[in-house]
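Letter by letter, the chains look like this.
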Amino acid sequence: MLTRRLLLAAALACAVTPVTAQEKLPVVATFSILGDFVKNVGGKRIALTTLVGPDGDAHVYSATPADAKNVAEAKIVFTNGLGFEGWMERLVKASGTKAMVVAATKGVRARRAAGGQGKDHDDELDPHAWQSVANAKIYVANIRDALIKADAAGKAEYEGNAVAYLAELDGLDREIRTAAAGIAPARRKVITSHDALAYFQADYGIQFISPQGVSTESEASARDVARIIRQIRAQKIPAVFLENVSDPRLVKRIADETGAKIGGTLFSDALSDAKGPAATYIDMMRHNLRQFAAALMS
Amino acid sequence: MYDFFIAPFAEFEFMRRALVGMLALSLGAAPIGVFLMLRRMSLTGDAMQHAILPGAALGFLVAGFDLFAMTLGGIVAGLAVAIGAGVVARATELKEDASLAAFYLVSLALGVLIVSMRGSNIDLLHILFGSVLALDDATLILLAAFATITLGALAVVWRPLVLECVDPGFLRSVSRAGAPAHIAFLALVVLNLVGGFHALGTLLAVGIMMLPAVAARFWATDITRMIVIAVALAFLSGFGGLLVSYHLAAPSGPAIILVAGLIYLVSLVLGPVGGLRRRFAPGRHLEA
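Parameters at a glance
- Counting from 1, residues in each chain are numbered in the order their sequence is written.
- As they are written, the chains are lettered A onward and the ligands numbered 1 onward, keeping that order.
- A pLDDT threshold of at least 70 governs which residues receive local features in this predicted model, and a stricter bar of 80 or more applies before side-chain atom pairs are shown or counted, although totals over entire chains, interfaces and linings include all residues.
- Only DSSP runs of H or I reaching four residues or more are called helices, and only runs of E reaching two or more are called strands; each is numbered from the N terminus.
- Atoms considered for the radius of gyration are the C-alpha atoms alone. The globule rule reads 2.2 Å times the number of residues to the power 0.38.
- We call two residues in contact if the C-beta atoms placed from their backbones are at most 7 Å apart.
- Here the C-beta atoms are placed from the backbone, and a residue counts as buried if at least 20 other C-beta atoms lie within 10 Å of its own, exposed if 12 or fewer do, and partly exposed otherwise.
- Each residue carries a pLDDT score, the predictor's confidence in it, ranging from 0 to 100.
- Axis definition: a line fit to C-alpha positions, over the contact stretch in the case of helices; interaxial angles, taken between N-to-C directions, run 0 to 180 degrees.
- Working definition: roughly parallel below 35 degrees, roughly antiparallel above 145 degrees, roughly perpendicular at 65 to 115 degrees, and oblique for all remaining angles.
- Crossings are assigned a handedness: left-handed for a near helix turned anticlockwise from the far helix by less than a right angle, right-handed for a clockwise turn.
- Think of it as three bins: nonpolar holds Ala, Val, Leu, Ile, Met, Phe, Trp, Tyr, Cys and Pro, charged holds Asp, Glu, Lys and Arg, and polar takes everything else, Gly as well.
- Following DSSP output, two strands are said to pair if at least two bridges run between them.
- Any nonpolar core is a set of buried residues, restricted to Ala, Val, Leu, Ile, Met, Phe, Trp, Tyr and Cys, that join up through C-beta atoms within 7 Å.
- The definition of a right-handed crossover adopted here requires that, viewed with the strands pointing away, the path from the first strand over the helix to the second runs clockwise.

A. Main features of the overall build of chain B. The helix and strand inventory of chain B stands at 15 helices and 0 strands. For 288 residues, the compact-globule estimate of 2.2 N^0.38 gives 19 Å, and the C-alpha radius of gyration of chain B, at 20 Å, lies within 12% of that figure. With the principal axes as the frame, chain B shows a C-alpha extent of 70 × 60 × 30 Å. Excluding contacts between residues fewer than 6 apart, the proportion of contacts in chain B whose partners are at least 24 apart in sequence is 70%.

Here it is in structure tokens:
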């Protein structure tokens, strides 16, 4: 509620204040993780609006009139691309914006979406590229270049910010690699219903196996539960991250019966709010890493 | 044969636990169902079922998925409604069914309100649908304890209870045990519904109580035999329902109740006591 009010207030503020030379560069980012990148590069020179806020699902989002207004007034609109925000193209068109639309994944080697699990993505590509820190650096470079193009006066500042942030990302990358290497190779497997971690798997070698035949909407049948248990036993999977089996008693039963550990909450598509454990991209990656390490270290 | 009937239970502990849970539930709930039916209170179970929701919801609100809190809350709320309705029925002009309806409707609305305060309605669905597949040690012990209490208490109040089913006027003329027995019986109803709600959820728990009891009516005239048959049918429903859930990937709670419903239909058609077969194909007329 608060964020919506803020958005409205921001929209009003944009409408009322006369445009001056010192006006910050208005930019829009589609979702929270991308917004965090943009904020880190743009620093104080930009006025950032993030359309889908923390904990929001950017796959299915219905834009509000306030969003259209923000997009219309923006100088740059950052999107993830790779078919992540299917609704964005229409919003850009409907708002009639003259903004430069930048797909932050430009230059990322896109993976194909795994068959069957990526039901949200009709096209073939897996858009969750930020789950690899190497890709995150490409995001940052794209954002830096776009900001410089739109606001040449701030070139030095953007470059400085980007260098500092890229160094942080390098540190994060090393951290994840070290932690992943500390887990015995045979134990680098988890069952998770998150279908957004393929890039993480490719870069850091933790294997993510999706549970068979479990859906959030319906009550689990004995066969669903039996299948998961068989799978965990057969593939000797040490941990389960089954947030979308929303009955905690059932997850506990599965864990008890297989000896697998229950993992905590993972963040994959959106950041948490400021008080949560994944308020920024770096926090999010660290948080997920900690969850994996805690569940997989014996 | 083995693959179909035994293997699921041999391979998976959760299936064995579910089966044990259903056995405990059958032993407690089915006899209660028989008495409810004989006393023409078949729908009381349904009403009481709704009445325990706010208690369970309150327990859930305070402690989350905590067995003890939800059980205690359910029992307290159920007893409050049962006794409240009983007191109003005895003290005023209102009949028991009417006062029960009033109490349980208020109680149900309160329950939904409390659950919604927690926000997510996924949680509400889990309260309503329970999970026989996720019975842990504590829940199994609880179910077994409820079954034990029920059977023991039934043994104690058996005579007044049976008499009140058959001839309440006579019972009143010879004994004052009627009212205490009635209260104890209502308490047992609440106890078994709360137990059933852990295994099957609030909506379906009353099914495992009433359907086998009603089906047993078609197989026996003697109350003792009727209870034994009801327990057997309830357990059979549990067993069959779990197999259906396992082989056809159907949600387990509804599967169990639907098997019980199927057993009821079969009994209705084939049962030797007052069933359809008797009506349309009567046996040979006995001549003295």
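B. Just the overall build of chain A, in detail. Scanning chain A for helices and strands turns up 10 helices and 10 strands. Going through the 298 residues of chain A one by one, you find that 43% of them count as buried. Counting only contacts in chain A whose residues sit at least 6 apart along the sequence, the fraction spanning at least 24 positions is 64%.

C. Up close: the confidence of the model for chain B. Averaged over every residue, the pLDDT of chain B is 86; the share at 70 or more is 92%. Among the prediction metrics, the complex's ipTM stands at 0.78, with pTM recorded as 0.71.

D. Inspection of the packing of helix H3 (residues 13-38) of chain B against helix H9 (residues 137-166) of chain B at higher detail. All names here are of chain B. Packing of H3 against H9 brings their axes to within 10 Å, and their N-to-C directions diverge by 20 degrees. One finds that H3 runs roughly parallel with respect to H9. As H3 runs across H9, the sense of the crossing is left-handed. Between H3, through Arg-17, Val-20, Gly-21, Ala-24, Leu-25, Leu-27, Gly-28, Pro-31, Ile-32, Phe-35 and Leu-38, and H9, the contact on the second element is made entirely by Leu-140, Leu-143, Ala-144, Phe-146, Ala-147, Thr-150, Leu-151, Leu-154, Leu-161 and Cys-165. Counted by class, the contact of H3 with H9 contains 17 nonpolar, 3 polar and 1 charged residues.

E. Structural view of helix H5 (residues 53-63) of chain B. Summarising burial for H5 of chain B: 8 of the 11 residues are buried, a large majority. Backbone geometry just after H5 of chain B places Gly-64 of chain B at a positive phi near 70 degrees.

F. A look at the packing of helix H6 (residues 155-181) of chain A against helix H10 (residues 281-296) of chain A. Residues and elements named next belong to chain A. Put simply, H6 and H10 touch, their axes get as near as 11 Å, and they point 5 degrees apart. As the angle between them shows, H6 and H10 are arranged roughly parallel. Contacts between H6 and H10 involve Glu-168, Leu-172, Ile-176 and Ala-179 from the first element and Ile-282, Met-285, Leu-289 and Ala-293 from the second. Considered class by class, the residues forming the contact of H6 with H10 number 7 nonpolar, no polar and 1 charged.

G. Structural view of the sheet that holds strand E4 (residues 100-103) of chain A. All names here are of chain A. Taken in spatial order, the 4 strands make up an open sheet running E2-E1-E3-E4, and their pairing is parallel. With partners counted over all chains shown, the strands left at the sheet margins are strand E2 (46-52) and E4, one partner each. Geometrically, the sheet is characterised by an average inter-axis angle of 20 degrees between neighbouring strands, direction not taken into account. In terms of strand pairing, strand E1 (residues 25-31) meets strand E3 (residues 76-79) through 3 bridges, oriented parallel. By the bridge assignment for E3, Val-28 is matched with Val-77. Lying over the sheet, helix H2 (residues 32-42) contacts E1, E2 and E3, oriented at roughly 150 degrees with respect to E1. Helix H3 (residues 65-73) contacts E1, E2 and E3 of the sheet and is inclined by roughly 135 degrees relative to E1.

H. Highlighting the sheet that holds strand E10 (residues 261-262) of chain A. Residues and elements named next belong to chain A. The 4 strands are arranged E8-E7-E9-E10 in an open sheet whose pairing can be described as parallel. Two strands lie at the open edges of the sheet, namely strand E8 (207-209) and E10, each paired on one side alone. Pairing geometry for strand E9 (residues 239-241) and E10, over 2 bridges, is parallel. Within E10, the residue paired with Ala-239 across the bridge is Lys-261.

I. Broad picture of the nonpolar core. The biggest cluster of nonpolar side chains holds 163 residues, and the ones touching the most others in it are Phe-78 of chain A together with Val-190, Ile-208 and Ala-230 of chain B. With 14 residues, the single largest contributor to this core is H3 of chain B. For Phe-78 of chain A, the contacting residues outside a window of four places in its chain are Val-27, Val-28, Ala-29, Thr-30, Leu-34, Val-38, Val-102, Ala-104 and Ile-143 of chain A.

J. Main features of the pairing of E3 of chain A. Of the two faces of E3 of chain A, both are covered, the one formed by Ile-76 and Phe-78 of chain A as well as the one formed by Val-77 and Thr-79 of chain A. Of the crossover connections in this fold, the one passing from E3 of chain A over helix H4 (residues 88-95) of chain A to the parallel E4 of chain A is right-handed.

K. Broad picture of the confidence of the model for chain A. All names here are of chain A. Per-residue confidence for chain A gives a mean pLDDT of 83; residues scoring 70 or more make up 84%. This stretch, residues 16-21, has a pLDDT under 50; its non-local contacts, to residues over four places away or in other chains, come to 0 contacts. Contacts from residues 116-122, a stretch scored under 50 in pLDDT, to residues over four places away or in other chains number 9 contacts.

L. How the structure looks around unusual backbone geometry. The residue Leu-82 of chain A is not glycine, and still its phi comes out positive at about 55 degrees. Positioned with a positive phi, Ala-249 of chain B is a non-glycine residue whose angle comes to about 55 degrees. Locating Ala-249 of chain B in the fold gives a position in the loop between helix H13 (223-248) and helix H14 (252-270). For Ala-249 of chain B, a count of 17 C-beta atoms within 10 Å puts it in the partly exposed group.

M. Focus on the environment of Ala-98 of chain B. Within the fold, Ala-98 of chain B resides in helix H7 (residues 96-117). As a C-alpha pair, Ala-98 of chain B and Ala-85 of chain B span 13 residues in sequence and 8.5 Å in three-dimensional space.

N. A look at the pairing of E1 of chain A. Residues and elements named next belong to chain A. A large share of E1 lies buried, amounting to 6 of its 7 residues. In terms of strand pairing, E1 meets E2 through 6 bridges, oriented parallel. Considered in E2, the bridge of Phe-31 is made with Val-52. The parallel pair E1 and E2 is bridged by H2, and the resulting crossover is right-handed.

O. Structural detail: the environment of Phe-103 of chain B. Residue and element names in this part refer to chain B. Here Phe-103 lies in helix H7. Judged by the 22 C-beta atoms lying within 10 Å of it, Phe-103 is buried. Placed 21 residues apart in sequence, Phe-103 and Ala-82 show a C-alpha to C-alpha distance of 8.4 Å. Those residues in contact with Phe-103 that sit more than four places away from it in its chain are Ala-51, Val-81, Gly-84 and Ala-85.

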